[in-house]
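# Per-entry structural report
One letter stands for each residue in the lines below.
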Amino acid sequence: MRIVIDMQGAQTESRHRGIGRYTLSLAKAMARQRGENEIVLALSGCFPDTIEPIRAAFAGLIPKENIKVWYVPGPLKACHRDNQWRGLAAQSIRESFFASLAPDVVFVTSVFEGYHDDAVTSIGEYAPGLTTVAMLYDLIPLIHATTYLEHNLAYKHFYHSKLLQLKKASAWLTISDSARQEALTHLQLDPLALTNIGAACDPIFCRMSITAPDRATLLSTYNIKRPYILYSGGADARKNLSRLIRVFVSLPPALREQYQLVMVGKMTETHTQGFLEITKKAGLAQGELIFTGNVSDDHLCKLYNLCHAFVFPSLHEGFGLPVLEAMSCGVPVISSNTTSMPEVVGMADALFDPLSEPDMLEKLFHVLTDIAFRQKLISHGARQALSYSWEQTARHALDAIERVVSASPRMLASSAATPYNTGQYELHSVVQAIARLPGSYTDLDLRQCAATLSLNHPQVRTARIYVDVSELVQRDAATGVQRVTKNILAHLLKAPPVGYTVEAVYGSAHDYGYRCARRFTERFMGRPADGDDTFIEPRAGDIFLGLDLQHHITLLQSPYLQELRGRGVAVHFVVYDLLPIQFPHYWPSMHALHVQWLYTLAQFDGAICISRTVADELLGWLNQNGPTRLRPFFIGWFHLGADIESSALSRGLPPDAASVLNTLATRPTFLVVGTLEPRKGHSQTLEAFEQLWREGLDINLVFVGKSGWLVEALVEKLRIHPELGRHFFWLTGVSDEFLVNIYAVANCLIAPSEGEGFGLPLIEAAQLGLPIIASDIPVFKEVAGDHATYFKGKTPEAMAQAVR
């Protein structure tokens, strides 16, 4: 059985309330209990910040490809009448997406969403053939219409429209028997299709040992200075908090002064000011009533554990999760005796009439003063809490869904009876449905519909690897990074990994998103440069590989890359080194930028480093400086290729190439390859050879590489060096073809760098038969192993001795 779960209940503002907690916990438990069933999560792309946390929550529970993201045009808030046409279009687009997943059943975890946000939760508006099971938490707005509906006719219309859609479901699940009875009484739903599956609380809510320092810190955070009575939940009228405050005020002064009343949960300023006004009129001292606002689960659990008693005076609940959380934490709980509370608490002595302040006062006085009663409540609560679990709730849900699916006409008919059996879905049908919608729309609305349909129903194609070459498209800086970029790109284009096509792409500072680098690719591969550089359209299963090094573009395009990750595109980057961080004095203008770049890429899926050394360095840096992550960050490494003669060679020889090569061949020639930078060791090398020349050694020194930064004094020295053109040669603008020839006449490579990501010249030289002298740094030992002569220290003599 293929169950598609609409997860919007865990994405909208509801994620901060009980509905969101319930949605996430139930879906996770269903994934654990699924057996032979398949669970697919459907996430709305209208809430991008929620996608990664949900992916992380289900990592290891279901295959990552079973987390789907769908898109609809926006804005959609039903409270704005201008959104009406888009809302109707979004219903068709959403249901068409769900139909395309070929579900046996769609499970909608929260129907009453979308008034103040961009949620879409229709049932049967476009695809009536979909078997749909809906979660029903309560009917509080319907039952208390005077409070919740009559003052807002727009919301009343919205709520009743959702009730009509709710009734179209094939079956319903409730969170308590009380909620089930409400559905039978007020909606006249089929009792055989209505199942109470119960609820549970997160395992974090349990008895815990809290150290004295942690206790002091927590209580100080919320200005709690005395033993306290706790309430947790919302602050709307049905929560009955005004009565609770008046009851607290009515305690005997000697008793009341021993306690504070602490209220945990999101409350508006209007609510808190109103409650404070009650205490002020009653003459309570400042600080006797505490509002904590929203708190983390960790803090909430500790506040439960440390409270003297928990009071829940609500007039109406679908379940009453805070009561179960408090009982699970070993707290004496007293509660109202209405709706679901008696079945959750399970003990008549713990209940009071929430409309009677004297009754509530008597129960509160009892729990604060009677030790035996308190212990009775604690013992009962611990036993009662054990009767609720998410595994049991999920099992009830799966059993009910299986009954619905087995009785569905679609399961009894042939597979050809409806397109939803096979998942075969034709895009034109939803387009026709949108065309028939009443109301007015704009060209932008139509373009948005087309864009979201394209995302939701992509054409069948092989997965793609998008290779970012943003720097290379702008200019070939002829650096080592770009040599690597060109060679890897060339081989990926010629021989894509099995199951993928490869496309070079680039970003700019002017566009949101990346474009296909088709014109560049044609030139790069030696073909006529035609074709359009259109924007890419990645989809789930594709890979974005940040191969080139372009700090600014990556930072600017980070929001777009996060959007791709939300769609299910894996985003990885190649990391060449951490040198600007390790040697900030050599990169005064790059240090902060490189830090920002690394921090940004660490928010994606992984980094592929060009050596084990860089991988270890990156891991160490991230452990100290990286962002907090919800999912593991993959760090891999590979070694660079060195088959220079068969790589993406740049061609061309200077006019004096033959003369230079002949001169180099007349005596032993030592070669240094790389851009002139302070950390590269060119000054040390030159000084070492000046010492060797003074000793009478008839040897050549060749620098191959352009001038970099912070080397002005060295460059001036090189240009007027007395050995220039005799024993010393500085060759700039050297093509790969010329470099191969230089390697061929050289006798030894010197790699004097203080730090590298890999050290490509070492392998290139070894491939061509040259021995190597290298500085004693970890990455060179990783690359060259025992097949090089190493020197230590930055003195000219250290290198001169190695050359001798």
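Residues numbered from 1 in each chain as written. Predicted model: local features only at pLDDT ≥ 70, side-chain atom pairs only at ≥ 80, totals over all residues. Heavy atoms only, no water.

### Topic: the overall build of the protein
Each helix and strand counted, the protein has 36 helices and 26 strands in total. When the backbone C-alpha atoms are referred to their principal axes, the protein occupies close to 110 × 70 × 45 Å. Counting the 804 residues in the protein, one finds 54% classified as buried. Accessible area of the protein: about 34700 Å², with a carbon and sulfur share of 54%. (Helix = DSSP H or I, 4+ residues; strand = E, 2+ residues; numbered from the N terminus. Buried < 20%, exposed > 50% of the residue type's maximum accessible area, 1.4 Å probe, protein only. Areas by Shrake-Rupley, 256 points an atom, 1.4 Å probe, with all protein chains shown as cover.)

### Some words on the sheet that holds strand 13 (residues 351-352)
Taken in spatial order, the 6 strands make up an open sheet running 10-9-8-11-12-13, and their pairing is parallel. Strands with a single pairing partner mark the edges of an open sheet, and in this sheet they are strand 10 (289-293) and strand 13. Here 5 bridges tie strand 8 (residues 228-232) to strand 9 (residues 260-264), and the two strands are oriented parallel to one another. Across the sheet, the residue bridging to Tyr231 is Met263, located in strand 9. (Pairing = 2+ DSSP bridges.)

### Focus on helix 23 (residues 480-494)
Its 15 residues give helix 23 an end-to-end C-alpha distance of 21 Å, which sits within 8% of 21 Å, the value for a rise of 1.5 Å per residue. Residues of helix 23 that are buried: Val481, Gln482, Arg483, Val484, Thr485, Lys486, Asn487, Leu489, Ala490 and Leu492. (Expected span 1.5 Å × (residues − 1).)

### Regarding empty space enclosed by the protein
A water-sized probe, rolled over the atoms, reveals where empty space remains. Summed over the entire model, instances satisfying the criterion amount to 1 cavity of 30 Å³ or more. Taken as a whole, the largest cavity spans an internal volume of roughly 30 Å³. Tyr22, Thr23, Leu26, Ala27, Met30, Phe107, Thr109 and Tyr137 together form the lining of the largest cavity. Of all the elements, helix 1 (residues 18-32) adds the most residues to the lining of the largest cavity, at 5 residues. Residues belonging to the lining of the largest cavity are distributed by class as follows: 6 nonpolar, 2 polar and no charged. (1 Å grid on protein atoms, 1.4 Å probe; cavity = no way out; pocket = protein on both sides within 12 Å on 5 of 7 lines; lining within 4 Å. Points joined across faces, edges and corners; volume = space filled by probe spheres on them. Nonpolar A, V, L, I, M, F, W, Y, C, P; charged D, E, K, R; others polar.)

### Here we look at the packing of helix 3 (residues 84-100) against helix 21 (residues 443-456)
The contact between helix 3 and helix 21 brings their axes to 11 Å, and the two run at 15 degrees. When the axis of helix 3 is compared with that of helix 21, the two are roughly parallel. Regarding helix 3 and helix 21, the two cross each other, and that crossing is right-handed. Across from Trp85, Arg86, Ala89, Ile93, Ser96 and Phe97 in helix 3, the residues of helix 21 making contact are Asp445, Leu446, Gln448, Cys449, Thr452, Leu453 and Asn456. (Axes fitted to C-alpha atoms, helices over the stretch in contact; angles between N-to-C directions. Parallel < 35°, antiparallel > 145°, perpendicular 65-115°, else oblique. Left-handed = near helix turned anticlockwise from the far one by under 90°. Contact = heavy atoms within 4.5 Å.)

### Structural notes on the pairing of strand 22 (residues 700-704)
Where burial is concerned, most of strand 22 is hidden: 5 out of the 5 residues are buried. A two-sided burial pattern is seen for strand 22, the buried positions comprising Asn700, Val702 and Val704 on one face and Leu701 and Phe703 on the other. Where strand 21 (residues 669-673) meets strand 22, 5 bridges bridge the pair, whose relative direction is parallel. Within strand 22, the residue paired with Thr669 across the bridge is Asn700. Of the pairings in the sheet, the one linking strand 22 to strand 23 (residues 728-731) comprises 4 bridges and is parallel in character. Residue pairing for strand 23: Val704 is matched across the bridge by Leu731.

### Remarks on the environment of Leu43
Within the element layout of this structure, Leu43 appears in strand 2 (residues 38-44). With 550 residues separating them along the chain, Leu43 and Leu593 place their C-alpha atoms 34 Å apart. Those residues within four positions of Leu43 in sequence are excluded, and the remaining contacts are Met7, Gln11, Ile51, Ile54, Ile67, Lys68, Val69 and Trp70.

### Considering unusual backbone geometry
Residue Pro75 is reached from Gly74 by a cis peptide bond, and omega for that bond is 0 degrees. Considering the arrangement of structural elements, one finds Pro75 in the loop between strand 3 (67-70) and helix 3. With a phi close to 55 degrees, Gln188 is a non-glycine residue in the positive phi region. Relative to the assigned elements, Gln188 resides in the loop between helix 7 (177-187) and strand 7 (194-196). When its relative accessible area of 56% is taken as the criterion, Gln188 is described as exposed. Although it is not a glycine, Asn223 adopts a positive phi angle of roughly 60 degrees.

### So, the sheet that holds strand 15 (residues 500-507)
Read from one edge to the other, the open sheet built from 7 strands follows the order 16-15-14-17-18-19-20, with strand pairing classed as mixed. The outermost strands of the open sheet, each flanked by one partner alone, are strand 16 (514-516) and strand 20 (634-637). Here the average twist between neighbouring strands, direction ignored, is 30 degrees. As paired strands, strand 17 (residues 543-546) and strand 18 (residues 570-575) are joined by 4 bridges and run parallel to one another.

### Considering the pattern of salt bridges
Under the definition given, this model contains 44 salt bridges. A salt bridge links Arg32 to Glu391; its shortest N-O distance comes to 2.8 Å. One end of the pair, Arg32, is in helix 1; the other, Glu391, is in helix 17 (residues 390-407), and 359 residues separate them in sequence. The partly exposed category is assigned to Glu391, whose relative accessible area is 31%. A salt bridge links Asp605 to Arg631, with the shortest nitrogen-to-oxygen separation between them at 3.9 Å. Linking Asp605 in the loop between helix 28 (591-601) and strand 19 (606-609) with Arg631 in the loop between helix 29 (612-625) and strand 20, this pair joins segments that are 26 residues apart in sequence. In this structure, a network of salt bridges that share partners links the residues Glu52, Arg565, Asp605 and Arg631. (Salt bridge = Lys/Arg side-chain N within 4 Å of Asp/Glu carboxyl O.)

### Remarks on the environment of Arg464
Secondary-structure assignment places Arg464 in strand 14 (residues 463-468). Residues Arg464 and Ala540, 76 residues apart in the sequence, show an inter-C-alpha distance of 9.9 Å.

### Regarding the packing of aromatic side chains
All told, the structure shown has 27 aromatic pairs when counted by the stated rule. Both rings, one in Trp70 and one in Phe98, keep their centres 6.1 Å apart while their planes meet at 65 degrees; by these two values the pair is edge-to-face. Within this pair, whereas Trp70 is found in strand 3, its partner Phe98 is found in helix 3, the two being separated by 28 residues in sequence. The residues Trp70 and Phe98 share a single accessibility class, namely buried. (Phe/Tyr/Trp six-rings, centres within 6.5 Å; stacked < 30°, edge-to-face > 60°.)

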